[in-house]
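Structural overview for review
One letter stands for each residue in the lines below.
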Amino acid sequence: MNTQTQLGQITGTLKDLAQVFAIVTPYASTEKPALQLATITGFMFECCDSYAAVRHTSDELTTATKQPFTLPALEVSKALTAAAKLAGKHAGTVEATLTATPEAWTLTTSAGQTHTGNNPQHETPNTGAIWTAAQTSTETTFEPFSLAQWQIERLAKTTKQAANNDQPATLTNYSTSTKPVIYTITTATSTTQVLIMPTKTK
């Protein structure tokens, strides 16, 4: 576990920010407070729960703080969705800025909307080593591996959100049937990677 700084800011259109949080939020655990946060590093967003993690990098956002910071994923996602709904067809042109401090987060838009909420202090899981291991492991002879229903459903939802059904989720990293695997969804402006631990079969 590590503690991320909670001072940060990221800017993009309301539509783009809402989509990014829609992609990563399903991986923010609703059971463990320490896992409910989206960690933002530059233009990369990451969320995880006890069984899977997602990383999404977008070229469509315009500015970002270089140092990592965290935001409560579900709460911010709800605010972005509400703001985008209110903006209607203009959501793609309305500029939105998310600002985080150690106490609170604020969403402001060029259309005059403001949403705020608490930004609780939490340690966040240090997933870097897991990602690196999954990305650099030497592939052995491929063996079938199992995914639970919820894992398949979540991967399908992520693929739909990230690529609007235009691009498939490709198994890009595999070592053995008992080690984490990575699926990648690539579009012209973004890359989404989903790290999944195969389900043990009886």
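All of the points below concern the structure found in this document. (Residues numbered from 1 in each chain as written. Predicted model: local features only at pLDDT ≥ 70, side-chain atom pairs only at ≥ 80, totals over all residues. Heavy atoms only, no water.)

1. Comments concerning the sheet that holds strand 5 (residues 63–64)
Strands pair in a sheet through their backbones, by hydrogen bonds, and they do so in one of two ways: parallel or antiparallel. As a reminder of what qualifies: Between any two strands, at least two bridges found by DSSP are needed for them to pair. A helix here means a DSSP run of H or I that spans at least four residues, while a strand means a run of E at least two residues long, and both kinds are numbered starting from the N terminus. Any two residues whose heavy atoms approach within 4.5 Å at even a single point are treated as in contact. Between N-to-C directions, angles span 0 to 180 degrees; the directions come from axes that are lines fitted to C-alpha atoms, helices contributing only their stretch in contact.
In spatial order, the strands read 5-1-7-8-9; together these five strands make up an open sheet with antiparallel pairing. If you trace the sheet from one side to the other, it starts and ends with strand 5 and strand 9 (114–118), each paired once. With two bridges connecting them, strand 1 (residues 8–13) and strand 5 associate as antiparallel partners. When the sheet's bridge partners are listed, I10 is paired in strand 5 with A64. Sheet strands touched by helix 1 (residues 14–24): strand 1, strand 7 (95–100) and strand 8 (104–109). Its angle to strand 1, the strand with the most contacts, is close to 115 degrees.

2. Section: the packing of helix 1 against helix 4 (residues 149–163)
Stated precisely, the cut-off is as follows: Roughly parallel means an angle under 35 degrees; roughly antiparallel, over 145; roughly perpendicular, 65 to 115; everything else is oblique. The sense of a crossing depends on the near helix, which, turned anticlockwise from the far helix by less than a right angle, makes the crossing left-handed and, turned clockwise, makes it right-handed. Residues were grouped as follows: Ala, Val, Leu, Ile, Met, Phe, Trp, Tyr, Cys and Pro as nonpolar; Asp, Glu, Lys and Arg as charged; and all remaining residues, including Gly, as polar.
Axis separation between helix 1 and helix 4 bottoms out at 9 Å; the angle between their running directions is 165 degrees. As summarised for this structure, helix 1 and helix 4 are arranged roughly antiparallel, according to the angle between their axes. Remark: the crossing between helix 1 and helix 4 carries left-handed chirality. Across from Q19, A22 and I23 in helix 1, the residues of helix 4 making contact are T158, Q161 and A162. For the contact of helix 1 with helix 4, the residue count by class is three nonpolar, three polar and no charged.

3. Points about the pairing of strand 4 (residues 52–58)
To keep things clear, this is the line we draw: Only protein chains enter the accessibility calculation, which uses a 1.4 Å probe; a residue is then buried when its area is under 20% of its type maximum, exposed when over 50%, and partly exposed in between.
The element strand 4 is largely enclosed, with a buried count of six among its seven residues. By the bridge criterion, five bridges tie strand 3 (residues 44–48) to strand 4 in an arrangement that is antiparallel. Bridged to F45 within strand 4 is H56. In sequence, strand 3 turns back onto strand 4 through a hairpin of three residues. Bridge count for strand 4 against strand 12 (residues 190–196) is seven bridges, and the pairing is antiparallel. Residue pairing in the sheet places T57 in a bridge with T191 of strand 12.

4. Some details on the layout of surface pockets
Short version of the rule: Definitions used throughout: a 1 Å grid over protein atoms alone; a cavity as a set of points that fits a 1.4 Å probe which cannot get out; a pocket as an open set with protein on both sides within 12 Å along at least five of seven lines; a lining residue as one with an atom within 4 Å of a point. Grid points are joined across faces, edges and corners, and a volume is the space filled by probe spheres set on the points.
Computed from the structure, the largest pocket encloses a volume of approximately 310 Å³. Looking at the lining of the largest pocket element by element, the count peaks at five residues for helix 1. Residues belonging to the lining of the largest pocket are distributed by class as follows: five nonpolar, nine polar and five charged. Taken as a whole, the second largest pocket spans an internal volume of roughly 220 Å³. Lining the second largest pocket are 15 residues, with D49, S50, Y51, A52 and I130 sitting closest to its centre. Broken down by secondary-structure element, the contributors of at least two residues to the lining of the second largest pocket are strand 4 and helix 3 (128–136).

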